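Chains, contacts and geometry: an overview
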Protein chains: 2
Amino acid sequence: MKKLVFGVDIGGTNTAFGLVDEAGDIYAESVIPTKKYLLFDDYPAFVTDLCEGMQRLMASVTFDFELLGIGIGAPNGNYHKGTIEYPANLWKFRPDEKNPDESRRLFNLVADMQKYFPSTLILLTNDANAATIGEMVYGNAKGLQDFIMITLGTGLGSGFVANGEMIYGHDGFAGEFGHTIVERNNGRVCGCGRRGCLETYVSATGIKRTAFELMAKMNDQSELRDISFNDFDASMISAAAAKGDPVALETFRYTGEMLGRALADAVVISSPKAIFLFGGLAKAGKFLFEPTKWYMEENMLSVFKNKVDILPSGIEGKNAAILGSAALIWQKQA
Amino acid sequence: MKKLVFGVDIGGTNTAFGLVDEAGDIYAESVIPTKKYLLFDDYPAFVTDLCEGMQRLMASVTFDFELLGIGIGAPNGNYHKGTIEYPANLWKFRPDEKNPDESRRLFNLVADMQKYFPSTLILLTNDANAATIGEMVYGNAKGLQDFIMITLGTGLGSGFVANGEMIYGHDGFAGEFGHTIVERNNGRVCGCGRRGCLETYVSATGIKRTAFELMAKMNDQSELRDISFNDFDASMISAAAAKGDPVALETFRYTGEMLGRALADAVVISSPKAIFLFGGLAKAGKFLFEPTKWYMEENMLSVFKNKVDILPSGIEGKNAAILGSAALIWQKQA
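This is a predicted model, so every value here is computed, not measured.

Remarks on the relation of the copies chain A and chain B
The transform that puts chain A on chain B rotates by 180 degrees and translates by 0.0 Å along the axis, for an RMSD of 0.0 Å. Interpreted geometrically, this transformation is the action of a two-fold axis. Rotation axis and chain A: the residue whose C-alpha lies nearest the axis is Ala162(A), separated from it by 4.0 Å. Taken as a fraction of all interface residues of chain A, those also at the interface in chain B reach 100%, which identifies the copy contact as same-surface.

Right, dumping it as structure tokens:
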């Protein structure tokens, strides 16, 4: 009988889920709007609607199959406990709620979903770790024992793999490379409450901040000067760089310098064979990859020089998040 | 029959070896002076003298035993290949040798020793990794799946353990945490040829450099001002700190700040349950541990705050290096 697993990707806007086979083919997929369930009180309805949606999707499949498990990627997902802990954008208290107890925002999602799927293996991790396992199972990291995945979205997520295993850490939250501090002197304010975190320089929002800093520093003409901060999107920098825009090119050089030197510091710890760049910003191609590689090598301890590849992810595309979550289960089967 | 393993610790001055049981008791030990074999040409004699010394030591044991394996800790030891690669202080070319080929300084120690012990398991790793495994098998890391070991000697060595396994990396050289760059603006010159590496601030030599920098910066009286740089030993700073010497106390505060914030950055990557400090500098006790813990927490991403212990090593003492090397074999038996 055909074997399938569910991949579930919980995002701030939508929650997508699909039935995936071992080759990465998706047989059925659907979505519910996470945004509809923004408030703390909505969490039980979210679980119900998600699980019933998944059951309907299973019923819609016209051939017999065995469901091997459900893999879930979610912000602040804890692999060891199966929980989502204090997610910044999900299931918040109402603004008018008096003295809300933040410690209650620890959601036992795996346990709660298990009521709908009593005998099914359910595994959950954060979105960057899910993408990392997706890279191992479906992407360019097949067969690699030691690699690093960098996911470039609004923030910078990461997954470290050593000895063929995902590093979850003792508490299930390892891999927050975006929150290593790369600038201690008056660094950029980070959403985490500290300053100078890598993701304030290297991410879709980080590169936008760099472009605006450079528009202030430089005198060169640039098409970027016609766009307001609120209208600005990171992809505009790639478009301008392709036309030789000096501010856009310097923005990428600086971004590559910040990422490259941070990667040189990560390499001395885990000595990966390769580093994969995933997500919107990685689509900038050579504009990002070339300076990142150059500055990584420039800052590298000699024993690691010219040993570590920086490569594009092999799971880019609209289904990457579903595939990554599904891979959580397939990896356990291997 | 009693089961024993050899622990061999190759240092720049001496090579110590001993027969160790699973409980960490050493039944016989001996030493050969590595310094006698400083030159490239001496390497074959070193192998012969070491292996024959080990065979004599085995013959000296008065009861029957089974030798399960030989574990070796050595500078620049490569676990995957069983080699020692370009060791800074060992088997150098003669100063008068014309055009020496540095690439020849890759010593196949495991293969060369295997000729003397044809059917014995021989494993080799660098000294910091050996200490790390020693901590797992004999020390305070028993049962821990995720921890970091920091060895403070002339330099700063480290071992990262995740999912219960040592992270060797794809090339066998992972764990060079002492060479993460912590100061990019005019940082201290490091033996590795770069600037600002953690070990130029946090190690026996690093703390000495800090003391001299602070004697220049501060005006306070200090007993440290009577000692020349060449006569200065890191232990003098502990002695002075115990008497309340202001320069010594500030030296430790600064050292703890540099180590603490570097550890906060390491924690976000591997999320360890504990961090162990090993080696001479760790003997300074509260003078080092208290500021290190304080600055680590001060710089910590909130999700990891107050979760990670900083603890003294459980294998300090004269036999730590032999135990660590022996542990390489015991860990494989487990």
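Continuing now.
Digging into the interface of chain A and chain B
At the interface, 37 residues of chain A touch 37 residues of chain B. Three residues stand out in chain A for area buried against chain B, namely His170(A), Arg184(A) and Ile269(A), and they jointly supply 21% of the buried area on that side. Where chain A meets chain B, there are four salt bridges. A salt bridge links Asp171(A) to Lys307(B); its shortest N-O distance comes to 2.8 Å. At the junction of chain A and chain B, the tally comes to 24 residue pairs in polar contact (both at pLDDT 80 or more). Every element with two or more residues in the side of chain A that touches chain B is listed here: strand S10 (156-162), strand S11 (165-166) and helix H6 (246-270) of chain A.

What to know about the environment of Phe287(A)
All names here are of chain A. Following the sequence through the fold, Phe287 ends up in helix H7 (residues 286-298). Accessibility expressed as a relative area gives 19% for Phe287, which makes it buried. Placed 39 residues apart in sequence, Phe287 and Ala248 show a C-alpha to C-alpha distance of 9.4 Å.

Overview of the packing of aromatic side chains
This structure, assessed with the given rule, holds 36 aromatic pairs over all chains. Ring centres 5.6 Å apart and planes at 80 degrees place the aromatic pair Phe147(B) and Phe276(B) in the edge-to-face group. Of this pair, Phe147(B) sits in strand S9 (residues 147-152) while Phe276(B) sits in strand S12 (residues 274-278), and the two are 129 residues apart along the sequence. Given the relative accessible area of 0%, Phe147(B) is considered buried. Connected via pairs of aromatic rings, a cluster forms that spans Tyr37(A), Phe40(A), Tyr43(A), Phe46(A), Trp91(A), Phe93(A) and Phe107(A). A cation over a ring is seen here: Lys208(B) above Phe229(B), with NZ or CZ 4.2 Å from the ring centre.

Here we look at the environment of Phe252(A)
Residues and elements named next belong to chain A. Relative to the helices and strands, Phe252 is located in helix H6. Residue classification places Phe252 among the buried residues on the basis of a relative accessible area of 2%. Put simply, Phe252 and Ala211 are 41 residues apart on the chain and 8.8 Å apart in space, counted from C-alpha to C-alpha. Excluding residues that lie within four positions of it along the chain, Phe252 makes contacts with Ile207, Ile237, Ser238, Ala241, Ala284, Phe287, Leu288 and Pro291.

Digging into the nonpolar core
Considering soluble globular proteins, one finds that nonpolar side chains tend to be buried as a cluster. Grouped together as the largest cluster of nonpolar side chains are 103 residues, with contacts concentrated most on Phe177(A) and Phe177(B). In terms of residue count, H6(A) provides more of this core than any other element does, 13 residues in total. When sequence neighbours within four positions are dropped, the list of residues in contact with Phe177(A) reads Ile150(A), Leu156(A), Ser158(A), Phe160(A), Leu198(A), Ala262(A), Leu263(A), Ala266(A), Val268(B) and Ile269(B).

Describing the pairing of strand S1 (residues 2-10) of chain B
Residue and element names in this part refer to chain B. Along S1, seven of the nine residues are buried, which leaves the element largely enclosed by surrounding structure. With eight bridges joining them, S1 and strand S4 (residues 65-73) adopt parallel strand pairing. Within S4, the residue paired with Val8 across the bridge is Ile72. Note that S1 and strand S2 (residues 15-20) share six bridges and pair antiparallel. Within S2, the residue paired with Asp9 across the bridge is Ala16. With antiparallel pairing between neighbouring strands as the criterion, S1 and S2 make up a hairpin whose turn holds four residues.

Points about the environment of Ala211(B)
Residues and elements named next belong to chain B. Checked against the element boundaries, Ala211 lands in helix H4 (residues 204-217). Between the C-alpha atoms of Ala211 and Ile32, which are 179 residues apart in sequence, the distance is 35 Å. Not counting residues within four places of it along the chain, the set of residues in contact with Ala211 comprises Phe232, Ile237, Val247 and Thr251.

Digging into the sheet that holds S4(B)
Residues and elements named next belong to chain B. One open sheet accounts for five strands, arranged S3-S2-S1-S4-S8; its pairing is mixed. The open sheet is flanked by strand S3 (26-32) and strand S8 (122-125), the only strands paired with a single partner. Strand-to-strand twist across the sheet, computed as the mean angle between neighbouring axes with direction ignored, equals 15 degrees. Pairing geometry for S2 and S3, over six bridges, is antiparallel. In the sheet register, Val20 faces S3, and the bridge partner there is Ile26. Helix H1 (residues 43-60) contacts S1, S2, S3 and S4 of the sheet and is inclined by roughly 30 degrees relative to S2. Across the sheet, helix H8 (residues 320-333) touches S1, S2, S3, S4 and S8, and the angle it forms with S1 is around 130 degrees.

Reading the values: rules and limits
- Residues numbered from 1 in each chain as written.
- Chains lettered and ligands numbered in written order.
- Predicted model: local features only at pLDDT ≥ 70, side-chain atom pairs only at ≥ 80, totals over all residues.
- Heavy atoms only, no water.
- Least-squares fit on C-alpha atoms with pLDDT ≥ 70 in both.
- Contact = heavy atoms within 4.5 Å.
- Buried area = accessible area lost by both parts, 1.4 Å probe.
- Salt bridge = Lys/Arg side-chain N within 4 Å of Asp/Glu carboxyl O.
- Polar contact = N/O pair within 3.5 Å; in protein donor to acceptor, adjacent residues only side chain to side chain.
- Helix = DSSP H or I, 4+ residues; strand = E, 2+ residues; numbered from the N terminus.
- Buried < 20%, exposed > 50% of the residue type's maximum accessible area, 1.4 Å probe, protein only.
- Phe/Tyr/Trp six-rings, centres within 6.5 Å; stacked < 30°, edge-to-face > 60°.
- Lys NZ or Arg CZ within 6 Å of the ring centre and 35° of its normal.
- Core = buried A, V, L, I, M, F, W, Y, C linked by side-chain atoms within 4.5 Å.
- Pairing = 2+ DSSP bridges.
- Axes fitted to C-alpha atoms, helices over the stretch in contact; angles between N-to-C directions.

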